Amino acid sequence: MSKLRVAVLGAKGRIGSEAVRAVEAAEDMELVAALGRGDKLETLVDSGTQVVVELTTPASVMGNLDFCVRHGMHAVVGTTGWTDDRLAQLNTSLAASPETGVLIAPNFSIGAVLTMKFAQQAARYYESVEVVELHHPNKADAPSGTATRTAQLIAAARAEAGCAPQPDATVTALEGARGADVDGIPVHAIRLRGLLAHQEVLLGGEGETLTIRHDSLHHSSFMPGILLGVRRVVSAPGLTFGLENFLDLG
Ligand SMILES: NC(=O)C1=CN([C@@H]2O[C@H](COP(=O)(O)OP(=O)(O)OC[C@H]3O[C@@H](n4cnc5c(N)ncnc54)[C@H](O)[C@@H]3O)[C@@H](O)[C@H]2O)C=CC1
Ligand SMILES: O=C(O)C1=N[C@H](C(=O)O)C[C@H](O)C1
């Protein structure tokens, strides 16, 4: 069987450099390009790239994906910064290239995907829910893509179940003290030397609390998800949002 021809964009970054090693070590893949900032995207075409792993910055990702989709290359995207407008723009590009697949995964680690799933399941049973994400201080953005997605999923589950708004009688004396509001769910971002990527979903009801916590302790935690994404995206045309779509989570 021929190997999948894979390129990594952002190849010198924290997660990109780990992805380069993971693709090189995968028996069913060949790393055909490893590009950093300033490298020419035409290299992707010249190298016969089938799947691009996009791990750059929110400022670069749209231009890179536009190029990939126009050239019929599938993409597995970990870069953050996704808004409804950006997703609509990407869907417009994909409509002109109907056989091309793009996976955007807010988080590639299995534990983070499960955290989102468990939080979604638990959300309707508790009066209060807040999300705390904790990352290394060089992280590109806040709140994390994972926390934003988690809060959106929680909010959607609560709306579907007809939950009342959360109780909160607090007067905010200093802007930001209660975190960011993502669809009515407070999201708090910690940046601390020594951390990598962590998240807690705190749920509270009468006389009890439930905490769902996930810790990524090394960038290797994201690699099985990236490799799974590469294998699956080639037969998943259009936009897939979330690695859970490629996992059998029941
Ligand atoms: N979905 C997931 O599971 C994960 C997502 N991330 C996200 O991935 C992104 C990268 O994170 P880090 O590796 O920590 O950042 P980083 O800053 O270490 O790496 C980004 C790299 O991309 C390069 N770059 C920027 N523009 C480029 C372009 N146009 N073409 C090629 N390379 C370009 C930069 O020079 C840098 O080397 C962030 O958005 C982060 O939130 C990070 C870890 C896991
Ligand atoms: O920048 C990071 O490090 C991470 N970014 C992603 C996010 O914003 O959710 C995934 C993970 O949290 C690591």
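Thresholds applied
- Residues numbered from 1 in each chain as written.
- Chains lettered and ligands numbered in written order.
- Predicted model: local features only at pLDDT ≥ 70, side-chain atom pairs only at ≥ 80, totals over all residues.
- Heavy atoms only, no water.
- Near = heavy atom within 4 Å.
- Polar contact = N/O pair within 3.5 Å; in protein donor to acceptor, adjacent residues only side chain to side chain.
- Helix = DSSP H or I, 4+ residues; strand = E, 2+ residues; numbered from the N terminus.
- Nonpolar A, V, L, I, M, F, W, Y, C, P; charged D, E, K, R; others polar.
- Buried < 20%, exposed > 50% of the residue type's maximum accessible area, 1.4 Å probe, protein only.
- Pairing = 2+ DSSP bridges.
- Right-handed = clockwise from strand over helix to strand, strands pointing away.
- Areas by Shrake-Rupley, 256 points an atom, 1.4 Å probe, with all protein chains shown as cover.

1. Let's talk about the site of ligand 1
Near ligand 1 lie 22 residues; those nearest to it are Arg14, Ser60, Thr80, Ala105 and Phe108. Note that a nitrogen atom of ligand 1 is positioned 3.5 Å from one of the backbone N or O atoms of Gly10. At a separation of 3.5 Å, an oxygen atom of ligand 1 approaches a polar backbone atom of Gly13. Residue assignment for the shell around ligand 1 shows that the elements contributing at least two residues are helix 1 (14-25) and helix 3 (58-70). The class makeup of the residues in the shell around ligand 1 is 7 nonpolar, 11 polar and 4 charged.

2. Structural notes on the pairing of strand 5 (residues 101-104)
Going residue by residue along strand 5, you find Gly101 and Leu103 tucked away on one face and Val102 and Ile104 tucked away on the opposite face as well. Summarising the sheet, strand 4 (residues 74-77) and strand 5 pair through 3 bridges and their orientation is parallel. When the sheet's bridge partners are listed, Val77 is paired in strand 5 with Ile104. Of the crossover connections in this fold, the one passing from strand 4 over helix 4 (residues 84-95) to the parallel strand 5 is right-handed.

3. Remarks on the site of ligand 2
In the vicinity of ligand 2, the contacting residues are Thr80, Pro106, Asn107, His135, His136, Lys139, Ser144, Gly145, Thr146, Ala197 and Phe222. Within the side chain of Lys139, a nitrogen or oxygen atom sits 2.7 Å from an oxygen atom of ligand 2. Within the side chain of Thr146, an N or O atom sits 2.5 Å from an oxygen atom of ligand 2. Its free accessible area being 330 Å², ligand 2 has 85% of it covered by the protein chains. Residues belonging to the shell around ligand 2 are distributed by class as follows: 3 nonpolar, 7 polar and 1 charged.

4. Let's talk about unusual backbone geometry
Across residues other than glycine, the phi torsion is negative in most instances, and most of the peptide bonds are trans. Geometrically, the link from Ala142 to Pro143 is a cis peptide bond, its omega value of -5 degrees lying close to zero. By secondary structure assignment, the location of Pro143 is in the loop between strand 6 (128-135) and helix 6 (145-161). At Asp183, a residue that is not glycine, the phi angle is positive and equals roughly 50 degrees. Note that Asp183 resides in the loop between strand 7 (180-182) and strand 8 (185-191).

As far as function goes, none of this settles anything; it's purely spatial.
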